[in-house]
Each structure stands twice: as structure tokens, then as C-alpha cells.
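# A structural walkthrough
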Amino acid sequence: GDSGECGKMAPLASKSVLLINGKDTLRMLQDEKWEAMMELITVIPKISTDSYVDLAQGRFGPFRAHVAIKIPLWAALQMEEHQHCSIELPKWMEEEELKALCAEERARPKDFGQVHRHYMEIAFALLPRPKVFGGKEKYRQRILLLLRELIELRRNKILEGLKSFEATDSELKVTHMSAAELSAFRTRSLCFLDSMCDLLRNRALELTEEELAPEAQAMETEDSSIPIPP
């Protein structure tokens, strides 16, 4: 099966069955990850700037300390690392929202519930960052478990769909599949989804007490008008 074929692997699986437009699973998923990094996400700046900041996607700002603004995910991650902002947890990643998504998946075994196009990639970018969850480790772990359940529910639907597709050449509804899920379906390979589940199942994203301590002790930087570093 797909799981045995993949085993333990990095988040981007290297095996695939088909080539789509000359791209194998690895290349397609790398493309999807790049797209995910361009998605806009809400941050709360800790700095103020006098002018706009020109990024590849356009002009953002000016930034005002403590005033929410949407910027690309890659820029948000970079700003957070420099302690120039805090990242707001996307609404769809909140506990009650994920519970509702899982319930919808269970209630509709033949259809896919609507999820963010890059829900997996964004979640895996944010899960290792305790501050996004307000430093509440138990809450972060509950989010991790719900995401694992959601990915597994949808992964199993794709598997059943592929089995039916191969056996009867019947149609499978791909409406509301995420970008990564569509790549998995098109290449007939569940390696990437399996590796996501393995990481969450083994709690590879779980932080140790030693790793959490610096986060808990970190002090917020003072407001300033320094430009955002490149």
C-alpha cells in the first residue's frame, strides 16, 4: 500500500506513480509550498514604519505597532523571527473550527468539506511556533491532534476514491480538495499525506520543555520606527 511504500520520510515525499505535465509529486508539492508561503496572513506589528514596504506581491504597510495587517506568510515568519510582530492564528486553525471541519468530514463520507487551499502547508509552518498559540502548549497539542484527524479523514476519502476510480473508472468529486490533496490524487500517490500524518502521529512537532522555556521568557521588543529587515 501507499503507507508501506513510503515508510518514514521527510515532509516532501520523493516517490510518485505518475508524471503530470512533466512534474512528479515532489516537484508539484514544492510548487504548492511556494504558493502557500505567498498566502496572506494577519500579524500584529510591534514596530511602526513611516513608509510602505515593497514585496514581490505588492506594497504593504505602512506598519503601525499593535494594528493588525495582512502580509504574505513568508514575510510574517521572517518578521516574527526578528520579534517585529506576532502572528495571529488563522480562524480556520482555531479549535472549534477544526472540530467542525472534522465533524463535517465524518458526516459526508462521499464529499470533501471546504478547507483552506493550503491548510496543511500553513499549519505546518505555524505549529512549531508556540507564540502563535499564546504560549499555551496544551492548546497547541489539541490543534495538532485535530489537524491529524482532519488530514487522515480526507486522506482516507482520497484512497477510497482512487480504489473506486481504478476499479470502475468512475468519477471522483475533487471539489474542495486542497492543493496538496489534488497533487496526491493526480499523481496517484499518498506519500505526502502519509508523511504529514506520520509527523503528527509521532508528535514530531512537539516541543521539549527546554525549547519552550526561551519562548515563555522572551520579552516583547519595544515599539520603534526601524525598517523591516530584508
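Shown above is the structure to which this text applies.
To start, this report covers the structure provided alongside it. It should be emphasised that the depicted structure is a prediction, and the values quoted were computed from it without experimental measurement. Position labels on residues start from 1 in each chain and follow its written sequence. Thresholds applied to this predicted model are a pLDDT of at least 70 for local features of residues and 80 or more for the giving and counting of side-chain atom pairs; totals over whole chains, interfaces and linings are not thresholded and use all residues. With hydrogens and water stripped out, all remaining heavy atoms of the structure feed into the side-chain values.

## A word on the pairing of strand E1 (residues 40-45)
- In this sheet, strand E4 (residues 69-72) lies alongside E1 in antiparallel orientation, the contact comprising 4 bridges. Residue pairing for E4: Ile-41 is matched across the bridge by Ile-71. What makes two strands pair is DSSP finding at least two bridges between them. To qualify as a helix, a DSSP run of H or I must reach at least 4 residues; to qualify as a strand, a run of E must reach at least 2; elements of each kind are numbered from the N terminus.

## Some details on the side chain of Arg-154
- Here Arg-154 shows up in helix H6 (residues 137-168).
- Any residue under 20% of the maximum accessible area for its type is buried, any over 50% is exposed, and the rest in between are partly exposed; the area is computed with a 1.4 Å probe on protein chains only. Overall, Arg-154 belongs to the buried group, its relative accessible area being 0%.
- N or O atoms closer than or at 3.5 Å make up a polar contact, with two conditions inside protein: a donor-capable atom paired with an acceptor-capable one, and, for residues adjacent in sequence, both atoms drawn from side chains. A polar contact of 2.6 Å, which involves the side chain of Arg-154, links it to the side chain of Glu-105.
- A distance of 2.8 Å separates a polar atom in the side chain of Arg-154 from the backbone oxygen of Gly-113.
- What Arg-154 contacts, discounting residues up to four positions off in sequence, is Glu-105, Phe-112, Gly-113, Val-115, Tyr-119, His-176, Met-177, Ser-178 and Glu-181. By definition in these notes, contact holds between two residues if any of their heavy atoms fall within 4.5 Å.

## Some words on the nonpolar core
- Ile-71, Ile-87, Met-93, Leu-126 and Leu-147 are the most contacted members of the largest nonpolar core, which has 53 residues in total.
- Here this core takes 10 residues from H6, the largest share from any one element.
- Among all residues touching Leu-147, those that are not within four sequence positions of it are Met-93, Leu-98, Tyr-119, Ala-123, Leu-127 and Leu-200. As used here, the term nonpolar core means buried Ala, Val, Leu, Ile, Met, Phe, Trp, Tyr and Cys residues forming a set that is joined through side-chain atoms within 4.5 Å.

## A word on the packing of aromatic side chains
- Aromatic pairs are defined between Phe, Tyr and Trp rings, using the six-membered ring for Trp, whenever the two ring centres lie within 6.5 Å; interplanar angles under 30 degrees are classed as stacked, those over 60 as edge-to-face, and all others as tilted. Here the structure, examined in full by the defined rule, presents 0 aromatic pairs.
- Geometry around Phe-112 places Lys-157 over its ring, the cationic atom sitting 5.8 Å from the centre. Comment: the charge-over-ring label is applied if NZ (Lys) or CZ (Arg) is within 6 Å of the ring centre and within 35 degrees of the ring normal.

## Regarding the sheet that holds E4
- Here we have 3 strands laid out as an open sheet, ordered E4-E1-E5, and antiparallel in their pairing. Edge positions in the sheet fall to E4 and strand E5 (85-87), since each has one partner strand and no second. Neighbour to neighbour, the strand axes of the sheet diverge by 50 degrees on average, direction disregarded.
- Sheet topology note: the E1/E5 ladder contains 3 bridges and is antiparallel. Within E5, the position partnered with Val-43 by the bridge is Ile-87. The angle between two axes is taken between their N-to-C directions and runs from 0 to 180 degrees, where each axis is a line fitted to C-alpha atoms and a helix contributes only its stretch in contact.

## A few points about unusual backbone geometry
- Following Gly-61, the chain continues to Pro-62 via a peptide bond in cis, the omega torsion being -5 degrees.
- Turning to its location among the elements, Pro-62 is positioned in the loop between strand E3 (58-60) and E4.
- Non-glycine residue His-66 carries a positive phi angle of around 75 degrees.
- One can find His-66 in the loop between E3 and E4.
- His-66 gets classed as exposed once you look at its relative accessible area, which sits at 53%.
- The residue Gln-83 is not glycine, and still its phi comes out positive at about 55 degrees.
- Mapped onto the fold, Gln-83 is located in the loop between helix H3 (73-81) and E5.

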